[in-house]
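Structural overview
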Amino acid sequence: MKTIVICSGGLDSVSLAHKVAAEHELVGLLSFDYGQRHRKELDFAAACAERLVVPHQIIDIREIGRHLSGTALTDDVDVPDGHYAEETMRVTVVPNRNAIMLAIAFGVAAARKADAVATAVHGGDHFIYPDCRPGFIDAFQTMQGHALEGYADVTLYAPYVNVSKAEIVADGTRNGTPFADTWSCYKGGVRHCGRCGTCVERREAFHLAGVEDPTEYEDPHFWAAATGFSAEEVK
């Protein structure tokens, strides 16, 4: 299956790129610059493409992102600290982001005669992000079937849609994902902050998977309190 992976440079999408490279035919990585404050993630996507020896394209949709206002990822709004499933994390929702990116990716896949577009949405995203849920994935595939009918047959490959981030860490380990060369933090600082929802989720995932976390965090201990783990449980 000739597959294009939508790769942000984060742990999930880089793990997915390595999975596709091991199990299918990875024909390229596609990234999007939508004006995200953590744009440095795109450097990690580029490094992934170089490592896997495939083309990497960054599509500039900053003008679109500028109109998707009110989110902490693109506006002058503080990224909240805390558990990734808390109500406060809704401020990190970029309206229709995945639908926009996937629509573009399907057009690119059809033009390049690829068989599939892969996205790394996963079960842990279901709490906050509606465009990461199974219903959205199924409906998007149906819509694209109509949109490309008679022109191309492109599959939406979302192998993590019903699994946890800990399971992604385990899968990434099996496929040799270099986790230190991925970026998750929404604050986009020099190091992962360790306090935002995506840092907390990342650190928890390594703990639950029983895999050593190579990430350097500004606050390496906050995650335990945010997720409710005791000192004994994190030893």
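Residues numbered from 1 in each chain as written. Predicted model: local features only at pLDDT ≥ 70, side-chain atom pairs only at ≥ 80, totals over all residues. Heavy atoms only, no water.

To continue, consider the environment of Ala225. With respect to the secondary-structure elements, Ala225 resides in helix H8 (residues 222-227). With relative accessibility at 65%, the residue Ala225 sits in the exposed group. (Helix = DSSP H or I, 4+ residues; strand = E, 2+ residues; numbered from the N terminus. Buried < 20%, exposed > 50% of the residue type's maximum accessible area, 1.4 Å probe, protein only.)

On to the packing of helix H1 (residues 11-23) against helix H6 (residues 165-174). Where H1 meets H6, the axes come as close as 9 Å, and the angle between the chain directions of the two elements is 40°. In terms of orientation, H1 lies oblique with respect to H6. The handedness of the crossing between H1 and H6 comes out as left-handed. Contact with H1, carried on its side by Leu11, Asp12, Ser15 and Lys19, involves Lys165, Ile168, Val169, Asp171 and Gly172 of H6 and no other residues of that element. (Axes fitted to C-alpha atoms, helices over the stretch in contact; angles between N-to-C directions. Parallel < 35°, antiparallel > 145°, perpendicular 65-115°, else oblique. Left-handed = near helix turned anticlockwise from the far one by under 90°. Contact = heavy atoms within 4.5 Å.)

Turning our eyes to something else, we now look at the UniProt feature "binding site: Zn(2+)" (unreviewed entry) in the chain. In the numbering adopted here, UniProt assigns the feature "binding site: Zn(2+)" (unreviewed entry) to Cys185, Cys193, Cys196 and Cys199. Structurally, Cys185 is set in the loop between H6 and helix H7 (197-209). When residues no more than four places from it in sequence are discounted, the contact partners of Cys185 are His38, His192, Cys193, Cys196, Thr198 and Cys199. In this structure, Cys196 sits in the loop between H6 and H7. (UniProt positions renumbered as here; feature names shortened; annotations may be inferred.)

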